[in-house]
Amino acid sequence: MDSTITEYDTIAAISTPPGEGAISIVRLSGESALETAQKVFKGKDLSQVPSHTINYGHIIDPDSQQVVDEVMVSVMRKPKTYTREDLVEINCHGGIVATNRVLQLVLGAGARMAEPGEFTKRAFLNGRIDLTQAESVMDLIRAKTDRAMQVAVDQLDGDLHHLITALRQEILEVLAQVEVNIDYPEYDTDEMTTRLLKEKAALVLGRIDELLATARSGKVLRDGLATAIVGRPNVGKSSLLNHMLREEKAIVTDVPGTTRDVLEEYVNVQGVPLKLVDTAGIRDTEDKVEKIGVQRSREAITKADLVLLVLDTSTPLTAEDLGLIQATAAKKRIVILNKQDLPDALTATALPDVPAEEVIATSMRTQQGMDALADKIVHLFMQGIDNSQSQVMVTNARQIGLLQQAKTSLQSVLAGIEAGMPIDLVQIDMTAAWDKLGEITGDAAPDELITQLFSQFCLGK
Ligand SMILES: Nc1nc2c(c(=O)[nH]1)N(C=O)[C@@H](CNc1ccc(C(=O)N[C@@H](CCC(=O)O)C(=O)O)cc1)CN2
Ligand SMILES: Nc1nc2c(ncn2[C@@H]2O[C@H](COP(=O)(O)OP(=O)(O)OP(=O)(O)O)[C@@H](O)[C@H]2O)c(=O)[nH]1
Ligand SMILES: [Mg+2]
């Protein structure tokens, strides 16, 4: 090809969920998208219709001339399209067989089956979006709560992209200055350049720290907070799960040892998605089944981001309670003093080594304390995040990891200056920070990473 602009082959896929539906869409993108669609379309001449129009007609098997489906075909010419390439969307009747036939015909007419995420990958390769925006497309699809969705939409809008790009620009300006200093030492003193390096490194480091401070909450919004409900038998763990779910999911009885296995459910607590794990009551037991359950409860504590330790205030503390208080001390934890509606056999002050702010009094019978519990959970994980004003957040492990690497490089810059290291050595660390930030946006990302990232997408996205 003699063109200097990269052109990609024409890809096709079903872009709607697999299965029966009212309408399903077969999407084509690439240089010959219109031409390919035309080979199987009977209706208007697609090469003549205005861009961004939808056109009625039929999909015809070119070999047998048989009508396969009655359709609407959207024609969108580049560059104002999702992929920045010519794009055709065939809107079929939502049957599985007909839609697959349409796809097969389009593939027979010269399109290649798209890989997962390849449409969005093209949007990235053609410069419409950066990697953070591409990642947010996936987050948007998987968002479990309104707030998780809002974070994804903001990121799709380019909030994180703009922030990282601005930080890279700051670094680039210093690097340019360093070059001048190295090439023309007569124009610039080491002292001035060093001062500038120090200032900018500190500035960018500060902004990265602010971003990293949002990471934990961001990840929770995205993935859900692993929350283990633990306690000895019969204290009300399953009742708590049911209340939070507003559904009788777990079996509740007055027989200690009712829950034998772990039960996992998603709940939305004021916009924070929790993955709640109800566990078997922990006690010494000879019962084989219960023993395994107890073992799994201990594993749930290890894996949890948050532990809800339930105690029964109608009975005195037992050795098991004390053991659990110790076993969960290092975790993020809320200690729930349940059964407040019954006569009190223990008071919060009697709890050894539990800070008062970790304690909440509840009754599953009267619902006492349930709102306070929800508030505490949200507060613990949304500290510093204002509900009303949206703030740029980092949500995924890849972005967080790269920010941490950029931070380490900037710390080396500052340490190097402090130690009086020559400027060209300090420059190496500053450049590394620039590269790491570039990997976040994809300006400096290796091909394997890009391939791997898009392969996690849905087919047809
Ligand atoms: N039918 C259909 N619906 C869909 C999609 C799609 O691909 N097809 N999308 C797929 O995910 C989402 C919409 N996302 C889109 C994002 C950008 C552009 C686009 O054409 N952008 C151009 C010009 C925009 C304009 O006209 O101003 C650009 O940014 O240059 C289109 C769709 C959701 N709904
Ligand atoms: N009065 C009163 N009873 C409660 C309260 N919470 C739970 N119960 C009762 O305590 C009993 C045990 O509740 P569960 O929720 O099954 O307790 P659990 O901790 O899941 O028990 P295991 O699964 O055996 O470990 C049931 O009879 C509940 O109705 C409460 O706040 N007040
Ligand atoms: Mg239970």
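The model shown is predicted, which means the values in this text are computed figures rather than measured ones. (Residues numbered from 1 in each chain as written. Chains lettered and ligands numbered in written order. Predicted model: local features only at pLDDT ≥ 70, side-chain atom pairs only at ≥ 80, totals over all residues. Heavy atoms only, no water.)

1. Regarding the overall build of the protein
- If you tally the helices and strands in the protein, you get 15 helices and 13 strands.
- Radius of gyration (C-alpha) of the protein: 29 Å, far over the 23 Å computed for a compact globule of 461 residues.
- By principal-axis analysis of the C-alpha atoms, the protein measures approximately 85 × 80 × 40 Å.
- Per-residue burial over the protein gives 48% buried out of 461 residues.
- As presented, the protein carries roughly 22500 Å² of accessible surface, and 53% of it is formed by carbon and sulfur atoms. (Helix = DSSP H or I, 4+ residues; strand = E, 2+ residues; numbered from the N terminus. Rg over C-alpha atoms; globule rule 2.2 N^0.38 Å. Buried < 20%, exposed > 50% of the residue type's maximum accessible area, 1.4 Å probe, protein only. Areas by Shrake-Rupley, 256 points an atom, 1.4 Å probe, with all protein chains shown as cover.)

2. Examining the sheet that holds strand E2 (residues 23-29)
- Pairing is mixed across the open sheet formed by 7 strands, whose spatial order is E3-E4-E5-E6-E2-E1-E7. Two strands close off the open sheet at either side, each with one partner strand: strand E3 (41-43) and strand E7 (112-113).
- Here strand E4 (residues 53-60) pairs with strand E5 (residues 67-76) via 8 bridges, running antiparallel. Each residue of the ladder has a partner; that of glycine 57, found in E5, is valine 71. (Pairing = 2+ DSSP bridges.)

3. A closer look at the layout of surface pockets
- In this structure, the largest pocket encloses a volume near 490 Å³.
- If you trace the largest pocket, you find 29 residues lining it, with Asn234, Gly236, Ser239, Val252 and Lys339 closest to the centre.
- Of the residues forming the lining of the largest pocket, the biggest block, 5 residues, is contributed by helix H9 (residues 237-245).
- What the second largest pocket holds in volume is close to 360 Å³.
- As for the second largest pocket, its lining consists of 20 residues, and the residues nearest its centre are Ile14, Ser15, Thr16, Pro17 and Leu459.
- Looking at the lining of the second largest pocket, the elements that each hand over two or more residues are E2 and helix H2 (96-108).
- The leading source of residues in the lining of the second largest pocket is H2, at 4 residues. (1 Å grid on protein atoms, 1.4 Å probe; cavity = no way out; pocket = protein on both sides within 12 Å on 5 of 7 lines; lining within 4 Å. Points joined across faces, edges and corners; volume = space filled by probe spheres on them.)

4. As for unusual backbone geometry
- With omega at 10°, the peptide bond leading from lysine 78 into proline 79 counts as cis.
- Positionally, proline 79 belongs in the loop between E5 and strand E6 (87-93).
- Non-glycine residue glutamine 65 carries a positive phi angle of around 65°.
- Within the secondary structure, glutamine 65 sits in the loop between E4 and E5.

5. Comments concerning the coordination of the magnesium ion (ligand 3)
- For the magnesium ion (ligand 3), the full set of protein donor atoms is Ser238 (OG) and Thr259 (OG1), at a range of 2.0 to 2.1 Å. Taken as a pair, serine 238 in helix H9 and threonine 259 in the loop between H9 and strand E9 (263-269) lie far apart in primary sequence, 21 residues in all.
- A relative accessible area of 8% places serine 238 in the buried class.
- Judged by relative accessible area, threonine 259 falls into the buried class, the value being 15%. (Donors = N, O, S within 2.8 Å, 3.2 Å for Na, K, Ca; no water.)

6. Section: the UniProt feature "binding site: (6S)-5-formyl-5,6,7,8-tetrahydrofolate" (unreviewed entry) in the protein
- UniProt marks Arg27, Glu89, Arg128 and Lys461 with the feature "binding site: (6S)-5-formyl-5,6,7,8-tetrahydrofolate" (unreviewed entry), using the numbering shown here. As for the annotated residues, the ones lining the second largest pocket are Arg27, Glu89 and Lys461.
- Within the element layout of this structure, arginine 27 appears in strand E2.
- Once residues within four sequence positions are removed from consideration, arginine 27 is found in contact with Ile11, Ala12, Ala13, Ser15, Tyr82, Leu87, Val88, Glu89, Phe119, Gly460 and Lys461.
- Of note is the side chain of arginine 27, whose polar atom sits 3.1 Å from the side chain of serine 15.
- Among the structural elements, lysine 461 can be located in the segment after helix H15 (447-455).
- What makes lysine 461 partly exposed here is its relative accessible area of 28%.
- Not counting chain neighbours up to four residues away, the residues in contact with lysine 461 comprise Arg27, Tyr82, Gly117, Glu118, Phe119, Thr120, Val137 and Ile141. (UniProt positions renumbered as here; feature names shortened; annotations may be inferred. Contact = heavy atoms within 4.5 Å. Polar contact = N/O pair within 3.5 Å; in protein donor to acceptor, adjacent residues only side chain to side chain.)

7. What about H9?
- Counting buried positions along H9 yields 8 of 9 residues, so the element is predominantly enclosed.
- The secondary structure elements touched by the buried residues of H9 are strand E8 (225-230), E9, strand E10 (272-278), strand E11 (306-312), strand E12 (333-338) and helix H12 (370-382).

8. A closer look at the pattern of salt bridges
- What the rule picks out here adds up to 22 salt bridges.
- Here glutamate 118 ties to arginine 122 by a salt bridge, and the two come within 3.7 Å at their closest N and O atoms. With glutamate 118 and arginine 122 both in helix H3 (residues 118-125) and 4 residues apart, the pair spans about one turn of that helix.
- Among the residues examined, glutamate 118 registers a relative accessible area of 8% and is labelled buried.
- Here arginine 122 falls in the buried class, since its relative accessible area comes to 3%.
- Put simply, aspartate 139 and arginine 222 hold a salt bridge, and the shortest N to O gap is 2.9 Å. One end of the pair, aspartate 139, is in helix H4 (residues 131-142); the other, arginine 222, is in helix H8 (residues 215-223), and 83 residues separate them in sequence.
- Looking at arginine 222, the relative accessible area reads 28%, which means it is partly exposed. (Salt bridge = Lys/Arg side-chain N within 4 Å of Asp/Glu carboxyl O.)

9. Section: the site of ligand 2
- Around ligand 2 sit 23 residues, and of these Lys237, Ser239, Gly257, Asp341 and Met364 come closest.
- Between ligand 2 and the protein, one listed contact pairs an oxygen atom with a backbone N or O atom of valine 235 at 3.3 Å.
- Side-chain polar atom of aspartate 341 to a nitrogen atom of ligand 2: 2.8 Å apart, as the coordinates give it.
- A total of 650 Å² of accessible area belongs to ligand 2 in isolation, and the protein chains cover 92% of it. (Near = heavy atom within 4 Å.)

10. Points about empty space enclosed by the protein
- Tallied over the entire structure, the rule returns 1 cavity of 30 Å³ or more.
- Empty space within the largest cavity amounts to approximately 60 Å³.
- Taken together, Val151, Asp154, Gln155, Asp159, Leu160, Gln391, Val392 and Met393 form the lining of the largest cavity.
- Put simply, the parts of the chain that give the lining of the largest cavity at least two residues each are helix H5 (146-156) and helix H6 (159-183).
- It is H5 that contributes the most residues to the lining of the largest cavity, 3 residues altogether.
- Residues of the lining of the largest cavity, tallied by class, amount to 4 nonpolar, 2 polar and 2 charged. (Nonpolar A, V, L, I, M, F, W, Y, C, P; charged D, E, K, R; others polar.)

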